[in-house]
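Listed below, chain by chain, are the residues.
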Amino acid sequence: MSFNSLEFIYFLSLVLCLNFAVPNKYRWIFLLAASIYFYCSWNWEYIFILLFSSGIDYYAALALDKDGCKNRKLWLIASLGTNVFILFIFKYYSFAVENVTHMFNLFDYQVSFPVNQLLLPIGISFYTFQAMSYTIDVYRRKLPAEKNWLRFLLYVTFFPQLVAGPIERSTHLMPLLRKLQKVTYASAIEGLILILIGMMKKVVIADRCAVIVAEIFKAPTALTGWEVLLGTLLFAFQIYADFSAYSDIARGTAKMFGYDLMINFKYPYTSCSMREFWRRWHISLSTWFRDYLYYPLGGSSYGLFRQCVALGAVFLVSGFWHGASWTFVLWGAVNGFAVICEVFISKIIPNDTWLNRWWSTTYIGKFLGWTYTMTFILAGWLCFRAASFTDLKELFFALSRFNAPSFFSDFQITSGKLLSIGVDSIDFVLTLSSISLFFLYDLWKRIEKKSVESSVVSIEKPRQVMTWLVILGLILVILMFGNFDKTIDFIYFQF
Amino acid sequence: MQFFINGSIKILFFFWTAFLMAICLMLFITPSLSPDENSYGHAMHDKMELLKKTPSPKIILIGGSNIAFGIDSQFVRSKLGMPVVNMGVAGSLGLQTYINLVLKDINPGDIVLVMSEYSPFYKSGSEDSFLGVSSTLFTMFSIYPALWDYLNVDQKYILLQGVGKGFYQAMKKKFQNPGLASAVYRRNGFNAEGDLISHLELESSKAVDMENMTSVISVHALQVVDEFSKKMKERNVTVFFGFEPIPITFYQKNAPYIKKLEQEILEYPNINYLYPAKTLVFPQDYFFEPLHHLNKNGRRIRTEIVSSLVKERLLRQQ
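Remember, predicted model here, so these are calculated numbers, not experimental data.

Engineer: So what's going on with the environment of P256 of chain B? Which residues, and what values?
Structural biologist: Assignment of secondary structure puts P256 of chain B in helix α11 (residues 248-266). Taking the C-alpha atoms as reference, P256 of chain B lies 9.8 Å from T214 of chain B; in sequence the two are 42 residues apart.

Engineer: I'd like a rundown of unusual backbone geometry, residues and numbers included.
Structural biologist: Cis geometry is adopted by the peptide bond preceding P57 of chain B, which originates at S56 of chain B and carries an omega value of 0°. Following the sequence through the fold, P57 of chain B ends up in the loop between α2 (43-53) and β1 (59-62). One non-glycine residue, H282 of chain A, adopts positive backbone phi at about 40°. You can see H282 of chain A is positioned in the loop between α11 (274-280) and α12 (283-294). With relative accessibility at 1%, the residue H282 of chain A sits in the buried group.

Engineer: Got a sec to walk through helix α14 (residues 326-348) of chain A? Specific residues and values, please.
Structural biologist: Taking 1.5 Å per residue, 23 residues should reach 33 Å; α14 of chain A reaches 32 Å between its end C-alpha atoms and fits that length. On its buried face, α14 of chain A sits against α11, α13 (304-322), α16 (363-385) and α17 (389-398) of chain A.

Engineer: So what's going on with the interface of chain B and chain A? Residues and values would help.
Structural biologist: On the side of chain A, 35 residues touch chain B, which itself brings 31 residues to the contact. Linking chain B with chain A are 1 salt bridge, by the criterion used here. A salt bridge links K172 of chain B to D427 of chain A, with the nearest nitrogen and oxygen atoms 2.9 Å apart. Remark: the boundary between chain B and chain A carries 4 residue pairs in polar contact (both at pLDDT 80 or more). Contributing elements (two or more residues each) for the side of chain B that touches chain A: α1 (2-33), α7 (153-161) and α8 (163-175) of chain B. It is α1 of chain B that contributes the most residues to the side of chain B that touches chain A, 18 residues altogether. Residue composition of the side of chain B that touches chain A, grouped by class: 21 nonpolar, 6 polar and 4 charged.

Engineer: Hey, could you go over the sheet that holds strand β4 (residues 238-243) of chain B for me, with residue numbers and the actual values?
Structural biologist: Residue and element names in this part refer to chain B. With parallel pairing, the 4 strands of this open sheet are ordered in space as β2-β1-β3-β4. Two strands close off the open sheet at either side, each with one partner strand: β2 (84-86) and β4. Direction aside, neighbouring strands of the sheet carry axes that sit 15° apart on average. Across 3 bridges, the pairing between β1 and β2 is parallel. Within β2, the position partnered with I60 by the bridge is V85. The strands touched by helix α4 (residues 73-80) within the sheet are β1 and β2, with β2 carrying the most contacts at an inclination of about 150°. This element, helix α10 (residues 219-234), spans β3 (111-116) and β4 of the sheet and lies at about 155° to β4.

The rules behind each value
- Residues numbered from 1 in each chain as written.
- Chains lettered and ligands numbered in written order.
- Predicted model: local features only at pLDDT ≥ 70, side-chain atom pairs only at ≥ 80, totals over all residues.
- Heavy atoms only, no water.
- Helix = DSSP H or I, 4+ residues; strand = E, 2+ residues; numbered from the N terminus.
- Buried < 20%, exposed > 50% of the residue type's maximum accessible area, 1.4 Å probe, protein only.
- Expected span 1.5 Å × (residues − 1).
- Contact = heavy atoms within 4.5 Å.
- Salt bridge = Lys/Arg side-chain N within 4 Å of Asp/Glu carboxyl O.
- Polar contact = N/O pair within 3.5 Å; in protein donor to acceptor, adjacent residues only side chain to side chain.
- Nonpolar A, V, L, I, M, F, W, Y, C, P; charged D, E, K, R; others polar.
- Pairing = 2+ DSSP bridges.
- Axes fitted to C-alpha atoms, helices over the stretch in contact; angles between N-to-C directions.

Geometry only, nothing functional implied.
Right under this line is the structure:
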């Protein structure tokens, strides 16, 4: 049951109605039942893995929280180890086997390992990280262990953010789940508008880009530089619109039940440096890595070298988290390299120099910063999107081929490749217009220094007619311009 | 409790009202955006009228645009001695839709030739091609509102899901240069039997590859065709079933799936499978564009083959 389906709208409507019909004391149990049903609608068999891993985490946290608990570290390792092991088996086993076999083959040894034919349980990367953050926070005594296993299960399985985040912190979400949340009419309306904005980003922007991107990257050897650039640019907006759409729908859904989930994106493509980009992109994951990997590795407290090592480790692991493929690791490496270079430069050129001031305060400086940042971001996305290293090599070679006629004859929008997949000139213009408007909207919000949810979404005194006209408008845009030809899963479902 | 009564239900009520208002708004506006009365889809009016007017015994051809483009009904008539009604318009209307459209006007002694595209019989994507693609159903509904009475509940639900896309496509057509489309895809491009003939003297443009099949067969589609054949048999109506012509390249890529599908079809006792798929595997230069449509030469050869097979079967039955 994907967020961008009618089934989800029916499900949400029903759960919303019943949730408020259930007595206050039992509402969280009802939410838990709905969350489990939601997860089982994907593949019911994998609920047992979730139950098993959450059971381990629950008992480990209880043990950690006991006064006079010896071997606290062992309990922590047991909990984290279980989560990492489950993640390894389902997500990285085949990759590990492939690489180990390849290494042995280099030395002419033949080895064989059992084949893993298990499907990747949906949301596993997200809920294991969320569960691990809970155990670590209990270990660090940031919050008490939850005594009620069902309530802990609700924390892990809370359906708005179960499948693709945001990866909530236990210190934020657990206290919310422990008490009844008040839902005001205004916050419920804000939630509904957020959901509609998310749907619009998904079906109007992301899914339209997805069709063209898939066609472009189908045959990398035949591409010219223009096509690679177009494909990369469209993919950059596809992944942003797709992922931020999921986060919007997740946050909007949670808001309708009275829960405020964390913001996951803050206009990332308006960033003027890679460090800034990583403070604005997939914030829940980047802060998770900051708090649970970067700081434990020393952060910036032990000198420049150690800081660079910590940053490198974070970005490599982050790349790996996205998928069992060296192209994801390369994506992480590209981003890590850029951030490390910035840290290095910031040590060499202190903040109070004229160069630094010029770079960060003037329009030309900011524009140059934005250009350099976008170059690295797009280079990273090219690695991210490539199906393999071979394809990536072809794509980079293609960047040296900028013969214009190939672009116009093969991707001519009145005939040729795009038309063969059902994309005509109007669809193409609509796609480009929508991503332009999306970017300009972000830029406007950034320049006006507006918070992520001000203007349309923030409703202190809902003016009913205006509000419902906005909602009607959003529904019309979704229905009219949405790409419903094929149900395209959210990109981050594969992680 | 107060919020439950005033807030949550209110929001849901207003949301669904806004949703239905959006659907109604588009339903209301789309006919005014609809293509002119000479559009391809408007041919449905003529075909339905032809179906009702043609006396029995008659031959009814059902299927998508493959039979609109690819059958010479006058030749069939001369070979089999019965008037022909070619109901083909667009495969994406769904084979179920065509079956529903003709049910009331089939009489004892009639022959129904079901010559379907492959897509209704395997699962691919989120839409069920056998029941019809949502946007096509909606677009046809906006042109031929009586279609609503011929759809079952599932199809009506599918149609409503196509409101948005149908509206968008109708809007696009207003701004697009029709180009080749208007030379071929027009109401007055059909002849008196319902065959499209506007493409016969034109050269094929670059043919576009068909989407490959999948291995997941739509059992429901086969069951419906079997049930339809059985009911017609009880009414003394003969139903023959076959697939559209395909290019050699498509057959080579999809041979295992086609064979599997044919084996499944033979399991159904009431489906009168007229010819194996291999019979209508043609070279690419028999096709117009896209590769569901035959050009003049391909149309002639296909009509000869199918007419001979039908005649042979009818003689064997006597």
